[in-house]
Amino acid sequence: MADTINGMPVEVWEKLQARFPGALHPAQPPERGDAEGYPQGGEHRMTRSVSRSVLQNRPRYEGVLVHSRHLLDVMRFLRDELGYVMLSSLTAVDYPEAVGQLPPHIDVVYHLFRLEGGGYVVLHVHTAREGAILPSLTPEFAAANLQEREVWDMFGVRFDGHPDLRRLLMWEGFDGFPLRKDWREAYFEEEHKPFRSRFPEGGSPLYAEERTPYHANVRYSREFAEHNLHVDEDFSEADALLYERMLSADRDTDKPLKTEEMILNMGPHHPSTHGVFRMAVRLDGETVRHLEPVFGYLHRCHEKIGERNTWLQNIPYTDRLDYINGMTNNLAYCLAMEKLLGWEVPERAEYIRVIMAELSRVVNHVLAAGFFSNEIGMYFTGSLYALEERELVLDLFEAAAGGRMMFNYMRPGGIARDLPEGWIERARALVRGRLPKKVKQMQSFLLDNEIVRARSVNVGMLSAHDAIASGVSGPVLRACGVRYDIRRAEPYGIYDRFAFDVVTREHGDAFDRVALRFDEVWESLRILEQALDAIPEGPIQSHRLSPKMLIPPGETYARIEAPKGELGFYLVSDGGANPYRYHIRATSLLNLTPLSALTRGVKIADVVSILGSIDLTMGEVDR
Amino acid sequence: MARQSQAGSVSRLPEVPPELQSSVNLTTLDQVYAWARKRSLWPMLFGLACCAFEMIATAASRYDTARFGMEIMRASPRQADLLIVNGTVTKKMAPLLVRLYNQIAEPKYVIAMGACAISGGPFKEGYNVVSGVDRLIPVDVYIPGCPPRPEALIHGILTLDARFDHESIRDIRAFQTGEDKGIPEPALGPDLLNWRDLEGLVGPPEEKR
Ligand code: SF4
């Protein structure tokens, strides 16, 4: 890669400086902050005050600090002139105490990428914690829509000019902004794990569950508990804003025929959403006039819990994100940690990682196709074909990792366990013998089927331009004809050693999205064959890990091409045994950004077809 | 057909003429009821989180719950009689889960599948997580695991089946007189307002019952 300054190409930095003289500052003053010689993997636990002083220097921070005044201009400049068209991740970090010369603030972080690869640009924008407000990017950058809503929901940063700033994951009326560092849950025990009450011997009477009033996982402000708890109020106001929005959005006032419209809720319990996803639909007869996705029914507070866990404790949690692809989730998180640690991974482990990731992709794609057939009404038949193959791959995973679905297999610097004897041969037999036959069969059953074609060809067309603008990635993006695959654009691990093609399709309709997944399965099988043949013997772990390992301070964003698209982890370390900030750029959530636009004007039966072709896992959407 | 009733009770029943003895079986109503119930337990097609995938795997070809007469998963709660809570119950979902439970016709059974449904599991501390579905609805069988293997789910279902043998038709809620008000739905305020947790402190508003 070319020379970088603060994590971004020098040339970009120079152009930015030339265009906005004096407006931008490097997020990390170059002369300060030296992370070298920092104890790595040590056993001792840092005290709060030490980590605080480390944070003050903001060593190894990336990107540039932009004043909110210039944010939109800088974003436009980067997009239109330097080609940073993809606003991949938008999130925030809360600093409730002063950091160096900086007063307490919330740092909103933007990660931008180019289609051609070549590193990312990070923008940091600061805002005060009280009355936090920033200009919204949503009117011009569709990809910001859901992410800004999430930041508002979790951090309480208002985005001025956002057309629909409602809470994303929690409900309207929820008390507080949970990802702020000073917001504490009902079951709050102490700042960091492992909790003293349970570790090493435990026995402390201070279990949070018992100290909580009502003994339930709830917390009310004192005034509310005193005055309102007994008031017979209708608390179901949570949806009022949603319906208001639905009724006002894109009204067609000069319809020739006066018809009555209705609002229909699909979900959160609905057979087509495979999970708890809700779509509120405004219908005119059978035609969808407006669709609003409602998230958060599986919001498991992953990030808040993750910031309390130790670094290694988070690995099993990532399994539960996109629970079909535990392996790739592990991989992305471990890559992010390795980036912060600067660790290498031994050859054999690299190969095993690739093999696991590609097997996972095969499973995901056939399952996605199977469930798509569910969605369009082939009740369970298609999925049964897919599930049969899944079981065989799960057997391999189980033999290697010990679990069917939840693996906890990868580690920074390698993997947890070596493959058992005979594993490679079994995998080879599956990859060479059975899978190609079965995939071919499924492919022809599904894609040559007239009903499937009738239900999916020209349904839910997404243009390449819209797809890029709204932050879509993975097969959904490639089905629109964009040749973009992180395994090629910015190869991680050893992907640059394998011969495979980045397949695309042109139309961007539901059919192409399903068909493209089959094309990708063939490429994955190609990679698997090469990897299984070339895998060397050797060590599988480069460092000795300790449960309370420390990671030197800094921030990073690492991403992989997960089966569903770009899966990124944004980590901030303050040098402690726990992440200071742990954010997941969820593929499935971002892939749903264009859902509203895709479904406008279609028949209600096509909504499920479109949703099925996007392929989402709620665990990842809501986290 | 139904198995022969116990020898003790046969003596009080009328004689069966010899020519009918091969085609008539005598039993009790309770046993017929249990027999039918066991072999037609229809689960609700309801997926919450990761554990749902293991439930799907259980229904698929390798584990195949069709062997127990329960291959028909019903999407509508009105047609189901078993609710498998397979995943993390969030506060946002809690009111809806209770509503779904109330909509299932009696007799109904609940299986809490996995650590999350039992206690909140790995996500227990989460601010949006209900620490155990039994805070909301009554649970018949708990299956530990994260996720439980399909075999474990089958074991849980068989445990439920075994319970039917001890059930008398007289005790089943469905055959009781009086109106079933259902469980009051929790509400979403500044946090979850679960009337059951709050009981003793405040009564639930009457019309919510
Ligand atoms: S118990 Fe484990 S596998 Fe099941 S829903 Fe909870 S986290 Fe997922």
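Structure: see above.
Remember, it's a predicted structure, so these values are computed and weren't measured experimentally.

Quick word on the overall build of chain A
Per the secondary structure count, chain A includes 22 helices and 17 strands. Counting every position in chain A, which comprises 623 residues, the buried fraction comes to 63%. Contacts spanning at least 24 positions in sequence make up 71% of the contacts within chain A whose residues lie at least 6 apart. Carbon and sulfur atoms make up 52% of the accessible area of chain A, which amounts to about 22500 Å² in all.

Considerations on the pattern of salt bridges
Residue and element names in this part refer to chain A. Scanning the model with the defined rule gives 56 salt bridges over all chains in all. Put simply, Glu150 and Arg623 hold a salt bridge, and the shortest N to O gap is 2.9 Å. Of the two residues, Glu150 sits in helix α4 (residues 144–155) while Arg623 sits in the segment after α22 (618–622), which places them 473 residues apart along the sequence. Comparing Glu150 with Arg623 shows no difference in burial state: the two are buried.

What to know about the sheet that holds strand β12 (residues 287–294) of chain A
All names here are of chain A. The strand order across the open sheet formed by 3 strands is β10-β11-β12, and the pairing between neighbours is antiparallel. Edge positions in the sheet fall to β10 (261–266) and β12, since each of these pairs with one other strand and no more. Between one strand axis and the next, the sheet turns through 20 degrees on average, direction left out of account. Of the strand pairs in this sheet, β10 and strand β11 (residues 278–284) are connected by 6 bridges, and their pairing is antiparallel. Following the sheet pairing, Asn265 is matched in β11 by Ala280.

Points about unusual backbone geometry
Here Lys193(A) and Pro194(A) are connected by a cis peptide whose omega angle stands at -5 degrees. Considering the arrangement of structural elements, one finds Pro194(A) in the loop between β9 (158–160) and α5 (208–211). Residues Glu106(B) and Pro107(B) are joined by a peptide bond in cis, for which omega reads -10 degrees. Positionally, Pro107(B) belongs in the loop between α4 (94–103) and β2 (109–113).

Considering the pairing of strand β1 (residues 82–86) of chain B
Residues and elements named next belong to chain B. In terms of residue burial, β1 counts as a mostly covered element, since 5 of its 5 residues are buried. The alternating pattern of β1 places Leu82, Ile84 and Asn86 and Leu83 and Val85 on opposite faces, both of which are buried. Sheet topology places β1 next to β2; 5 bridges connect them, and they run parallel. Bridging from a neighbouring strand, Asn86 pairs with Met113 of β2. Note on the crossover from β1 through α4 to β2: the handedness is right-handed.

Details of the interface of chain A and chain B
A common way to report how large an interface is uses the accessible area buried once the components associate. Counting residues at the interface gives 65 residues for chain A, matched by 54 residues for chain B. For the chain A and chain B pair, buried surface summed over both sides reaches about 5400 Å², with 64% attributable to carbon and sulfur atoms. Among the residues chain A hides against chain B, the three largest losses belong to Trp171(A), His269(A) and Arg300(A). Together they make up 14% of the total. Counting every contact that joins chain A to chain B gives 6 salt bridges. The tally of links between chain A and chain B comes to 20 residue pairs in polar contact (both at pLDDT 80 or more). Looking at the side of chain A that touches chain B, the element that brings in the most residues is helix α12 (residues 381–401) of chain A, giving 8 residues. Taken together, the residues that form the side of chain A that touches chain B break down as 38 nonpolar, 9 polar and 18 charged.

A closer look at the site of the ligand
Neighbouring residues of the ligand: 16 residues in total, closest Cys50(B), Cys51(B), Ala115(B), Cys116(B) and Cys146(B). Near the ligand, the surrounding residues belong to chains A and B. Elements represented by at least two residues in the shell around the ligand include exactly α3 (50–59) and α5 (114–119) of chain B. The biggest single contributor to the shell around the ligand is α5(B), with 3 residues.

A word on the sheet that holds strand β17 (residues 579–585) of chain A
The strands making up a sheet associate through hydrogen bonds between their backbones, and the pairing can be parallel or antiparallel. Residues and elements named next belong to chain A. Here 3 strands make up an open sheet; going across it, the order is β15-β16-β17 and the pairing antiparallel. A strand with exactly one partner marks an edge of an open sheet, and here the two such strands are β15 (554–562) and β17. Within the sheet, the average angular offset between the axes of one strand and its neighbour, ignoring direction, is 15 degrees. Bridge count for strand β16 (residues 565–573) against β17 is 6 bridges, and the pairing is antiparallel. Note on β17: the bridge partner recorded for Val572 is Arg581.

A few points about the packing of helix α11 (residues 347–375) of chain A against α12(A)
Residues and elements named next belong to chain A. α12 packs onto α11 with a crossing angle of 160 degrees between their chain directions and a minimal axis gap of 8 Å. One element, α11, and the other, α12, form an angle in the roughly antiparallel class. Relative to α12, α11 is oriented so that their crossing is left-handed. Residues Met356, Leu359, Ser360, Val363, Val366, Leu367, Gly370, Phe371, Ser373 and Asn374 of α11 lie in contact with α12, whose contacting residues are Gly382, Ser383, Ala386, Leu387, Arg390, Val393, Leu396, Phe397 and Ala400. Its residues assigned to classes, the contact of α11 with α12 shows 12 nonpolar, 6 polar and 1 charged.

A word on the side chain of Asn578(A)
Residue and element names in this part refer to chain A. Structurally, Asn578 can be placed in the loop between β16 and β17. We classify Asn578 as buried; its relative accessible area is 6%. There is a polar contact of 3.4 Å between the side chain of Asn578 and the side chain of His192. From its side chain, Asn578 meets the backbone oxygen of Lys193 in a polar contact 3.4 Å long. Excluding anything up to four places from it in sequence, Asn578 contacts His192, Lys193, Glu307, Arg308, Asn309, Thr310 and Trp311.

Remarks on the pairing of strand β6 (residues 105–113) of chain A
Residue and element names in this part refer to chain A. Summarising burial for β6: 9 of the 9 residues are buried, a large majority. Burial along β6 is two-sided: the face carrying His105, Asp107, Val109, His111 and Phe113 and the face carrying Ile106, Val108, Tyr110 and Leu112 are both buried. Where β6 and strand β7 (residues 121–128) come together, 8 bridges link them in antiparallel fashion. Bridge pairing in β7 links Ile106 to Thr127.

Thresholds applied
- Residues numbered from 1 in each chain as written.
- Chains lettered and ligands numbered in written order.
- Predicted model: local features only at pLDDT ≥ 70, side-chain atom pairs only at ≥ 80, totals over all residues.
- Heavy atoms only, no water.
- Helix = DSSP H or I, 4+ residues; strand = E, 2+ residues; numbered from the N terminus.
- Buried < 20%, exposed > 50% of the residue type's maximum accessible area, 1.4 Å probe, protein only.
- Contact = heavy atoms within 4.5 Å.
- Areas by Shrake-Rupley, 256 points an atom, 1.4 Å probe, with all protein chains shown as cover.
- Salt bridge = Lys/Arg side-chain N within 4 Å of Asp/Glu carboxyl O.
- Pairing = 2+ DSSP bridges.
- Axes fitted to C-alpha atoms, helices over the stretch in contact; angles between N-to-C directions.
- Right-handed = clockwise from strand over helix to strand, strands pointing away.
- Buried area = accessible area lost by both parts, 1.4 Å probe.
- Polar contact = N/O pair within 3.5 Å; in protein donor to acceptor, adjacent residues only side chain to side chain.
- Nonpolar A, V, L, I, M, F, W, Y, C, P; charged D, E, K, R; others polar.
- Near = heavy atom within 4 Å.
- Parallel < 35°, antiparallel > 145°, perpendicular 65-115°, else oblique.
- Left-handed = near helix turned anticlockwise from the far one by under 90°.

In short, the description is geometric, and any link to function would need to be established separately.
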